[in-house]
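# Descriptive structure summary
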Amino acid sequence: MFPKYDVIVVGAGHAGSEAAVGAANMGSKVLLVTMNMNTIGQMSCNPAMGGVAKGQIVREVDALGGYSGIVTDETMIQFRMLNLSKGPAMWSPRAQSDRWLFAQKWRLMLEAHPNIDFWQEMVTGVVVKDGRVKGVYTGMGMQIESEAVILTSGTFLNGLIHIGEKQFGGGRAGEREATGVTEQLVQLGFESGRMKTGTPPRVDGRTLNYDRMEIQPGDEIPSRFSYTPTELPSKQMACHVTYTNTKVHEILRSGFDRSPMFTGRIQAKGPRYCPSIEDKIDRFADKDRHQLFVEPEGWDTCEIYVNGFSSSLPEDVQYKALQCIPGFEDAKMFRPGYAIEYDFFQPTQLGINLETHLVKNLFFAGQINGTTGYEEAACQGLMAGVNAHLAIHEMDPFVLKRSEGYIGVLIDDLVNKGTKEPYRMFTSRAEYRILLRQDNADIRLTPLAVNLGMQGMDKRMEVVETKKCARIDIEKFLNKTSVTPDQINGFLGRIGSAPLKQQVKLKGVLLRPHVNMVDLQAELPMLDAFLNGYTAESIQTAEIEMKYEGYIRKEQEMVNKMNRLEEVKLGDSIQYAELKSLSSEAREKLSQLRPRTIGQASRISGVSPSDISVLLVHMGR
Amino acid sequence: MTQTNLSDTIVALATPTGVGAIGVIRLSGLEAIPIADGVFPSKELSKQNSHTLHVGTIRQPDGHILDEVVISLFKGPRSYTGEDVVEISCHGSNYILQEVIRLLIDHGARLAEPGEFTLRAFLNGRMDLSQAEAVADLIASSSASAHQLAMQQMRGGFSGEIQALRQKLIDFASLIELELDFGEEDVEFANRDDLKDLVGKLRKLMQALLDSFKLGNAIKHGVTTVIAGRPNAGKSTLLNGLLNEERAIVSAIAGTTRDVIEEVINIQGIQFRIVDTAGIREAEDAIEAIGVERTLEKVRQSSILMYVFDVIQTQPEEVQADLERLYQPGMHILVVANKMDLNPYTKYEHFFPSEEKERALQPAADPSTKQKEPVQLSNWVPVSAINKMNIPHLKEKLHEAVINDKVSLDETIVTNARHYQALQKADQSLADVLKGMANSVTSDFIAMDIRQALHHLGEITGEISTDDLLGNIFSNFCIGK
């Protein structure tokens, strides 16, 4: 009934969809198996993509040929560039999407791909022969063959939903859980664990009083995630901000004795940075209010997502507490928030290409690896898809360095350190974030995807080349063009910058604090005329690289220094168990993870700098 | 470092060769106890408790007694190297010690490479890197102060201070990271003035540590002390007086010392590298000109200047002029009035009559570094080098110059060049932080410099990982939508 596939992707969320795209764009024949074809690309939680560090990831996924950026751009109802008051490394795109359109767009894009087939059914296990994966077993007892399998199970593996004292199996509100896979993998020798996450209640937007909240409109000129010229919305919807208060906290606290979190029914670890509202008021009892974001779920629906109010308290407690929030006095609830526990596999069981150590050609991506977030899932999916293709053809894995992308940071962290709580990306996890900006993801990564032989990258590469040339041209222009005191002193005076005494080169003015290209452009017609031929993105990158050249260079030097450690290869023959000088934890971790380089070893949790010195001493350095 | 086989049992003499009533031979490794058992028939060491002493005899294979010894038994991991260690205290005869070591090698031990015991201690987790370095210093230390310093570093005083510094900086960095990663949320922002304050405090602390390096280094390698003065002022005689030997060629002909002569003397536990120099005057030939240039060069590099002059031949104006030529900010001056036997009534006031003249010596630039008046009565040392008159007083003054002038030895002192460099880089990064703040650079760039500072401090002890920052954030701030 089925042809033989190169890659079977199990699950069609953000990881699964990108995995299918990654493998298919490399040329593999892909079967995408999902329990429900109506929920392909579903946003299970917040109807938004991007945010600090996450927005950078979406742009990286796009730069590597993934679809998340395009889908987001074409379905957004609001766009904001976060952190504009901070430096360019922190600028982070975030978009609110129409939940329905988002899923629809994803499905249509996948359907349009000639290399992707679909099958709707639950996968109950993987076919393994001689330590190599050969396909999947399905709930109806079928066996579908493939060379590689990518598991992207999200919260579905033995998913257990908690609301107050009630608990029931389920992978998502209204959908059943998936069974069988964990048990089989454990039998094969994998170690599984449990994670927990949660989602807030959804309410009826028609019953909210927005006058009592602060409005949070989108950016006047929306920007985009994709480096391709996607269509952006001509209008946007506003979000709103409101706050909890002591009354709300009091009501919530009254339900603590029925909270699955506090009574110990949930044992699994939830994310510390995305705590439930009950967790916030419990742990930070001195705070008398917490911020809530009131976010629409789409153009046409009245459903509202109450961001910041994630809860697994009993539904009546949630409801009563909601009604004490300013603007929510008459709120009707569509569904309560809930917590969900699900199986994951400690990602230290994976190689740096996301392939399992135990079973060849079996890949994991997304929440199964202990991560959280659509963006984190999407990028793992894409990398797993590409690497599955490469593994089938016995080619070198595609690995991004920590200095090349947040994706590199994420995967390196996961496979070397594992995670104790759902792993979310932060800019502070990246040691080279000045280099890993949202404006240059294409320059960093698109050439790598082209080298891999990824399909459909020609247009993207053209954009990169144009951008690189623009950067040089623009700098040249600023270096040779002078500006007179007459032309600019008025502007400098207005921004509190010292006036010029004689004419200087334009670049010198740009490099001053508080001066930016957009303002200069408005002030100087000749500059405006020159820049007319360049895209806003090219100008932005050129400006950033000129203005922060010193910092960028410093960081690049650090990268070069660090890469020297990355080049010290650790052979397979090292018997870590016999190196008494290592801490016992380091001995165990190094034996288990077998890092490829000293650099990788240095990032394994439990491996201390003195352990690294020992390794260097041992290797005769 | 070459790859050494860590499964061997190693042996070496643990006390200096040559002298001493007792010589200690140390064995370390898996086979240390069986090997010792093979030469020590008096008791079966493998059945004895750790940390015990055993008296008995070392016998050669033919049964001949080689020596009567005391054996100290340390079973791993509670030993210096973390392995089984046997220390054999023999009588301090070179012959006996060599024979015992040979015997142990015959029984399966290998002669240790230099530093191999410490290497093993480090590799077995018995000490961290900075402690291991301190041990190396301890072994090499040749004076009491250096020994004290090395001991102090081993006990972790230095690591402790750095650790405290780092923790403050991590808190600082966490605040900035919080602002960066969670700026969209309802979080408190780092107060820039507080941050500036904190960086200022940190830099002050680091500056103190950096300053201590000069002294630390001096104690380890000796304080450079230059004897300079006009030809025939008696510089070489003074050096000989200090050394109690005829090291320099002395003659009544001006310009006898054409090259730079260097000697080491130990005054109350501190080493001084005393440099005798050619006299300063308008040189009459090329060779002498080079000598004078070298003198000035040496003076520039020294911590203490002993300016020697002949109380009979030299005019006050000439003394002033010389000092002006020689004085460098930050150096300690001793004005040695020589040939006092020829005019015992010479007084300080004759040569430094008024306040104004002293002031003239004060370098005009750099008012921020509060230099003491370079020449005061307390720096005036009348001697007669040829009669060794008042030389003990001069030695006292030299010792004082190091001890009183700078840091007390009880404080943390940085002696290791690697540490010094790391501190310097950390300080540079913090300076960049301040510079960035002054230029209203956004906090992502400032965070970069803070991380750099943390990284450099991490080079001294432990390492900062971003997990520390996030952990700090999560435990102290309510974040997350």
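What you see is a predicted model, and the numbers here were worked out from it, not measured in a lab.

If you tally the helices and strands in chain B, you get 16 helices and 12 strands. Here chain B holds 481 residues, and 42% of them are scored as buried. Long-range pairs, those at least 24 residues apart, make up 67% of the contacts in chain B with a sequence separation of at least 6.

So, about the overall build of chain A. Of regular secondary structure, chain A possesses 21 helices and 22 strands. A globule of 621 residues ought to have a C-alpha radius of gyration of about 25 Å, and chain A, at 26 Å, matches this closely. Principal-axis analysis of the C-alpha atoms places the extent of chain A at approximately 80 × 70 × 55 Å. In chain A, buried positions account for 53% of the 621 residues. A sequence separation of at least 24 residues applies to 71% of the contacts in chain A between residues at least 6 apart.

By size, the foremost hydrophobic cluster in this structure holds 145 residues, and its most contacted members are Ile8(A), Val9(A), Ala20(A), Val30(A), Val149(A), Ile150(A) and Ile450(B). With 11 residues, helix 9 (residues 374–392) of chain A is the single largest residue contributor to this core. Contacts of Ile8(A), omitting those with residues within four sequence positions, involve Leu31(A), Val33(A), Gly135(A), Val136(A), Ile144(A), Ser146(A) and Val149(A).

On to the sheet that holds strand 3 (residues 52–59) of chain B. What links the strands of a sheet is backbone hydrogen bonding, and the strands pair in either a parallel or an antiparallel sense. All names here are of chain B. Ordered in space as 3-4-5-2-1-6, the 6 strands form an open sheet in which the pairing is mixed. Either end of the sheet is taken by a strand with one partner, and the two such strands are strand 3 and strand 6 (110–111). Bridge count between strand 3 and strand 4 (residues 65–74): 8 bridges; the pairing is antiparallel. Across the sheet, isoleucine 58 pairs through a bridge with aspartate 67, a residue of strand 4.

Take the domain arrangement of chain A next. Partitioning chain A into structural domains gives domain 1 (5–197 + 342–452), domain 2 (202–336), domain 3 (458–552) and domain 4 (567–618). Just the C-alpha atoms count here: the centres of domain 2 of chain A and domain 3 of chain A sit 42 Å apart.

Another point: the sheet that holds strand 19 (residues 338–345) of chain A. Residues and elements named next belong to chain A. The strand order across the open sheet formed by 4 strands is 11-10-19-12, and the pairing between neighbours is antiparallel. Only two strands of the sheet have a single neighbouring strand rather than two, namely strand 11 (166–169) and strand 12 (192–199). Within the sheet, the average angular offset between the axes of one strand and its neighbour, ignoring direction, is 25°. Here strand 10 (residues 160–163) runs beside strand 11; their pairing, made up of 4 bridges, is antiparallel. Counted as the bridge partner of histidine 162 is glutamine 167 from strand 11.

Next up on the list: the environment of Val463(A). Residue and element names in this part refer to chain A. With respect to the helices and strands, valine 463 occurs in helix 12 (residues 458–480). Residues valine 463 and glycine 180, 283 residues apart in the sequence, show an inter-C-alpha distance of 46 Å. Dropping the residues within four chain positions of it, valine 463 is found in contact with Tyr227 and Asp442.

Let us now look at the environment of Ala14(B). Residue and element names in this part refer to chain B. Relative to the helices and strands, alanine 14 is located in the loop between strand 1 (10–13) and strand 2 (22–28). For the pair alanine 14 and leucine 27, spaced 13 residues apart in the sequence, the C-alpha separation amounts to 9.4 Å. In this structure, alanine 14 is in contact with Val24, Ile25, Arg26 and Glu87, ignoring residues within four places of it in sequence.

A turn of α-helix holds 3.6 residues, and therefore any two residues three or four places apart point the same way. Those residues of helix 19 (residues 584–593) of chain A not exposed but buried are Ala586(A), Arg587(A), Lys589(A), Leu590(A) and Leu593(A). In the segment just after helix 19 of chain A, Arg594(A) is the residue with positive phi, at about 45°.

Residue and element names in this part refer to chain A. Position of phenylalanine 2 relative to the elements: it lies in the segment before strand 1 (5–10). Owing to 14 C-beta atoms within 10 Å, phenylalanine 2 belongs among the partly exposed residues under this scheme. Each C-alpha atom of the pair phenylalanine 2 and arginine 176 lies 26 Å from the other, and the pair is 174 residues apart in sequence.

Residue and element names in this part refer to chain B. With 6 of its 7 residues buried, strand 9 (residues 270–276) lies for the most part within the structure. Bridging between strand 7 (residues 223–229) and strand 9 involves 5 bridges; their strand directions are parallel. What sits directly across from valine 226, in strand 9, is valine 275.

Quick look at the packing of helix 2 (residues 54–63) of chain A against helix 11 (residues 441–452) of chain A now. All names here are of chain A. The N-to-C vectors of helix 2 and helix 11 enclose an angle of 35°; their axes lie 8 Å apart at closest approach. The two elements helix 2 and helix 11 meet at a crossing, and its hand is right-handed. Residue-level inspection shows Gln56, Arg59, Glu60 and Ala63 of helix 2 in contact with helix 11, the latter providing Ala441, Asp442, Arg444, Leu445 and Thr446. Taken together, the residues of the contact of helix 2 with helix 11 sort by class into 3 nonpolar, 2 polar and 4 charged.

What follows concerns the packing of helix 2 of chain A against helix 9 of chain A. Residues and elements named next belong to chain A. Where helix 2 contacts helix 9, the axes come no closer than 9 Å and their chain directions differ by 25°. Looking at the two axes, helix 2 sits roughly parallel to helix 9. Relative to helix 9, helix 2 is oriented so that their crossing is left-handed. Facing helix 2, whose interface residues are Lys54, Ile57, Val58, Glu60 and Val61, helix 9 presents Glu375, Glu376, Ala378, Cys379 and Leu382. For the contact of helix 2 with helix 9, the class distribution of residues is 6 nonpolar, no polar and 4 charged.

Another point: unusual backbone geometry. Backbone torsion omega between Gly76(B) and Pro77(B) reads 5°, so that peptide bond is classified as cis. Locating Pro77(B) in the fold gives a position in the loop between strand 4 and strand 5 (85–91). You will see that Asn83(A), though not glycine, has its phi angle at about 65°, which is positive. What makes Asn83(A) buried here is the crowd of 26 C-beta atoms within 10 Å.

Residues and elements named next belong to chain A. Among the 6 residues that make up strand 1, 6 are buried, leaving the element largely enclosed by the rest of the structure. Taken together, the 5 bridges between strand 1 and strand 9 (residues 143–151) define a ladder with parallel strand orientation. Looking at the pairing, tyrosine 5 lines up with serine 146 of strand 9. Judged from the 4 bridges that link them, strand 1 and strand 2 (residues 30–34) form a sheet pairing that is parallel. Its bridge partner lying in strand 2, isoleucine 8 is registered against leucine 31.

All names here are of chain B. Confidence in the prediction of chain B, expressed as mean pLDDT, is 75, and 68% of residues score 70 or more. Helix 12 (residues 355–361) is the least confidently modelled element of chain B, averaging 47 in pLDDT, while helix 1 (residues 32–39) averages 92, the highest of any element. The low-confidence segment residues 356–372, where pLDDT is below 50, has 14 contacts with residues more than four positions distant or belonging to other chains. Note that residues 406–411 has pLDDT below 50 and, in this model, 7 contacts with residues that lie over four places away or in other chains. ipTM for the predicted complex: 0.78, alongside a pTM of 0.72.

Across its 13 residues, helix 1 (residues 14–26) of chain A extends 18 Å between first and last C-alpha, which sits within 8% of the 18 Å expected from 1.5 Å per residue. In terms of residue burial, helix 1 of chain A counts as a mostly covered element, since 13 of its 13 residues are buried.

Definitions and limits used
- Residues numbered from 1 in each chain as written.
- Chains lettered and ligands numbered in written order.
- Predicted model: local features only at pLDDT ≥ 70, side-chain atom pairs only at ≥ 80, totals over all residues.
- Helix = DSSP H or I, 4+ residues; strand = E, 2+ residues; numbered from the N terminus.
- Buried ≥ 20, exposed ≤ 12 C-beta atoms within 10 Å, placed from the backbone.
- Contact = placed C-beta atoms within 7 Å.
- Rg over C-alpha atoms; globule rule 2.2 N^0.38 Å.
- Core = buried A, V, L, I, M, F, W, Y, C linked by C-beta atoms within 7 Å.
- Pairing = 2+ DSSP bridges.
- Domains from an automatic or database assignment.
- Axes fitted to C-alpha atoms, helices over the stretch in contact; angles between N-to-C directions.
- Left-handed = near helix turned anticlockwise from the far one by under 90°.
- Nonpolar A, V, L, I, M, F, W, Y, C, P; charged D, E, K, R; others polar.
- Parallel < 35°, antiparallel > 145°, perpendicular 65-115°, else oblique.
- pLDDT = per-residue confidence, 0-100.
- Expected span 1.5 Å × (residues − 1).

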